[in-house]
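# Notes for the structure review
Okay, here's what each chain looks like letter by letter:
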Amino acid sequence: MKIVVTGASGGIGDALVKLAKRRGDYVVGISRGNSEANVHYSCDVLNIACLEKAAADVREVDGVAVVHGHGEASLWTKGVKVLTGEDFLEVFRVDVVGSFNVVKAFLPALKPTASIVLVSSTPGLLGDRYGIPYAVAKGAVIALARSLAKTLAPIRVNAVAFGPIETKWTS
Ligand SMILES: NC(=O)c1ccc[n+]([C@@H]2O[C@H](COP(=O)([O-])OP(=O)(O)OC[C@H]3O[C@@H](n4cnc5c(N)ncnc54)[C@H](OP(=O)(O)O)[C@@H]3O)[C@@H](O)[C@H]2O)c1
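The chain carries the name Short-chain dehydrogenase/reductase SDR in an unreviewed UniProt entry, which gives Pyrobaculum islandicum as its organism. UniProt, in the comment section headed Sequence similarities (unreviewed entry), describes the chain in these words: "Belongs to the short-chain dehydrogenases/reductases (SDR) family."

Now the structure itself:
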């Protein structure tokens, strides 16, 4: 299968790239930094032209794993009194708009049997005391997945809400 992995340079993305390659998939990596994917495109997920160029290059795709995330550690120390609107917009742009951009760009390349997986997080389901913009964005990712599933069927769209996984970001 040919699969696209965003966040391919990151902890979970890199693990997925390696796992998929081990099982024989051809992996297309997307992130600003490099990855070990078979072919890599250094795109910011907010740069739709870069994503569209990658999609046009790789053509038919069986699946897209949207594993990038804002990942700014300082978010986790900000309580309600110090959070600003910009904190919300920043994480929303990368996690929600960026996920939408990836799906939109690769849509013409997706087979009708394709599967898209977006990444949410447990705070997106339960809320949190800290990292509130992150929790809100991850909640929006779930709504995005449900909406895309309705409109893109028969292409399947799901969101996975991970619990804590040890990566550079969490440490
Ligand atoms: N680790 C956990 O415990 C955990 C739990 C639940 C959910 N998650 C979610 O799982 C996903 C991956 O997490 P992780 O722990 O693997 O994080 P990570 O190691 O920090 O990786 C984040 C990835 O996102 C990419 N990225 C960030 N901003 C980007 C942008 N503007 N354009 C393109 N790529 C961008 C980074 O690549 P470049 O910087 O090279 O562009 C990197 O590959 C995130 O959505 C995170 O919220 C993680």
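Below, the discussion takes up the pattern of salt bridges. In total, this model carries eight salt bridges according to the counting rule given. A salt bridge links aspartate 14 to lysine 18; the nearest nitrogen and oxygen atoms lie 2.8 Å apart. Taken together, the residues aspartate 14 and lysine 18, both in helix α1 (residues 11–22) and four residues apart, mark about one turn of the helix. With its nearest N and O atoms 2.7 Å apart, the salt bridge here joins arginine 93 to glutamate 86. Residue class for arginine 93 comes out partly exposed when judged on its relative accessible area of 34%. Residue glutamate 86 is classed as partly exposed on the basis of its relative accessible area, which comes to 41%. Here the residues in one salt-bridge network are Asp14, Lys18 and Glu36, joined through shared partners.

About the criteria used
- Residues numbered from 1 in each chain as written.
- Predicted model: local features only at pLDDT ≥ 70, side-chain atom pairs only at ≥ 80, totals over all residues.
- Heavy atoms only, no water.
- UniProt positions renumbered as here; feature names shortened; annotations may be inferred.
- Salt bridge = Lys/Arg side-chain N within 4 Å of Asp/Glu carboxyl O.
- Helix = DSSP H or I, 4+ residues; strand = E, 2+ residues; numbered from the N terminus.
- Buried < 20%, exposed > 50% of the residue type's maximum accessible area, 1.4 Å probe, protein only.

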